[in-house]
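Analysis of the macromolecular model
For reference, the chains in residue letters:
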Amino acid sequence: MTLEQLRMFVAVAEHQHVTRAAKYLNMTQSTVSAAVLALEQRHGVALFDRVGRSIILNQTGRVFLERAKRVLAEARAAEAALDDLTGLRRGELSVMASLTIAGYWLPRRLAAFHAGYPGIKFDVRVGNTEAVADAVEAGSVEIGLVEGRIDRALISSSAVATDELIVAASPGHALARKKRLGGAHLQEATWVLREPGSGTRLAFETLAEEMHLETASLEVVMVLPSNEAVLGTVEAGLGITLTSRSAAKAELAAGLLVELPLPSRPRPFFLIRHKERFRSKVGDAFESHIQSELTS
């Protein structure tokens, strides 16, 4: 059993598709398929159920997946320890960010850090806030960037930026013509929301609580897994939404969306790390780079 086989197995398990896993790994489909099959045949187990053209992780595979992730996390920590000896001339940093941060805030920071440390490679992943916290806790990534504070015993968090949340609608929406809005308007509105586990959904739930909205009776017409999908649906006039101002910046500027007359809500972005796992010099340098923007 090799680390490469484990990496390929984990990729297939996470993508639930050999072709997508091969694309993610920048390998051929036949190489990935052969590695997974060799792993199964060597140990006399089936890790996936083959159903037609689909490949589905079975119970044995799910148990092995958690162990494989732990082994790869330890291997990355060992590599990071060696890379630390190079004085940041080379190395790799694993980062996972929530969708809003990854799409609208993180790219410029990555580019600036790369300019200062061109030998550092990034493994960047994207998921909602809960998925990012899970990955940091499991050791799958060293650094997470999320919307909102994470309250977990093994995770430390530090604020690195502040976003704004606004309630937006299409220009033709009835509420767009109002000069003043209150809780009754929001209670009666049709909503398009992000999925549970996302930072934006958590912020919406906080807004609803503060404005004493009866969430059980709210008309949530659609729940979608990305900012782009939510904003596109709201542009089409299907409802209103709570969204990041940075995420909706282009649509607001183009007049495709309007900000409803409600106070904007500040929302901090947090950098999170595991309290007890190995912290690489690359990770420390990246955290310092992000934190420096707060004082510059």
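Located above this text is the structure these notes cover.
Notes on the structure in this doc start here. (Residues numbered from 1 in each chain as written. Predicted model: local features only at pLDDT ≥ 70, side-chain atom pairs only at ≥ 80, totals over all residues. Heavy atoms only, no water.)

As for the nonpolar core
Within the largest apolar cluster, 22 residues are counted, with the highest numbers of intra-cluster contacts made by Phe-9, Val-12, Phe-48 and Phe-64. Among the secondary structure elements, those contributing two or more residues to this core are helix 1 (3-15), helix 2 (18-25), helix 3 (29-43), strand 2 (54-57) and helix 4 (59-84). With seven residues, the top contributor of residues to this core is helix 1. Sequence-distant contacts of Phe-48, that is, excluding residues within four places in its chain, are made with Phe-9, Val-12, Ala-13, Val-36, Glu-40, Ile-55, Ile-56, Leu-57 and Asn-58. Ala-97, Leu-110, Leu-271 and Phe-286 belong to the second largest nonpolar core, which has 21 residues in total. (Core = buried A, V, L, I, M, F, W, Y, C linked by side-chain atoms within 4.5 Å. Buried < 20%, exposed > 50% of the residue type's maximum accessible area, 1.4 Å probe, protein only. Helix = DSSP H or I, 4+ residues; strand = E, 2+ residues; numbered from the N terminus. Contact = heavy atoms within 4.5 Å.)

Thoughts on the packing of aromatic side chains
If you walk through the whole model with that rule in mind, you get eight aromatic pairs. Taking 5.6 Å as the distance between ring centres and 65° as the angle between the ring planes, the aromatic pair formed by Phe-122 and Phe-286 counts as edge-to-face. Within this pair, whereas Phe-122 is found in strand 4 (residues 120-126), its partner Phe-286 is found in helix 12 (residues 281-295), the two being separated by 164 residues in sequence. On the basis of relative accessible area, Phe-122 is assigned to the partly exposed category, the value being 24%. Here the aromatic cluster, defined as three or more aromatic residues joined through ring pairs, consists of Phe-113, Tyr-117, Phe-122 and Phe-286. (Phe/Tyr/Trp six-rings, centres within 6.5 Å; stacked < 30°, edge-to-face > 60°.)

Observations concerning the environment of Ala-21
Topologically, Ala-21 is positioned in helix 2. Along the backbone, Ala-21 and Arg-245 are 224 residues apart, and their C-alpha atoms lie at a distance of 33 Å. Aside from chain neighbours lying at most four places away, what touches Ala-21 is Ala-11, Val-12 and His-15.

Thoughts on the layout of surface pockets
Roughly 890 Å³ of volume is contained in the largest pocket. Going through the elements one at a time, helix 1, helix 2, helix 4, strand 3 (91-97), strand 4 and strand 11 (265-274) are the ones with two or more residues in the lining of the largest pocket. The element best represented in the lining of the largest pocket is helix 4, accounting for nine residues. Looking at side-chain class alone, the lining of the largest pocket contains 14 nonpolar, five polar and 15 charged residues. Approximately 350 Å³ is the volume found for the second largest pocket. (1 Å grid on protein atoms, 1.4 Å probe; cavity = no way out; pocket = protein on both sides within 12 Å on 5 of 7 lines; lining within 4 Å. Points joined across faces, edges and corners; volume = space filled by probe spheres on them. Nonpolar A, V, L, I, M, F, W, Y, C, P; charged D, E, K, R; others polar.)

Structural notes on the packing of helix 1 against helix 3
As a packed pair, helix 1 and helix 3 sit with axes 9 Å apart at the nearest point and diverge in direction by 105°. Considering the angle they form, helix 1 stands roughly perpendicular to helix 3. Listed contacts from helix 3 to Gln-5, Met-8, Phe-9 and Val-12 of helix 1 are Thr-31, Val-32, Ala-35, Val-36, Ala-38 and Leu-39. For the contact of helix 1 with helix 3, the per-class residue count stands at eight nonpolar, two polar and no charged. (Axes fitted to C-alpha atoms, helices over the stretch in contact; angles between N-to-C directions. Parallel < 35°, antiparallel > 145°, perpendicular 65-115°, else oblique.)

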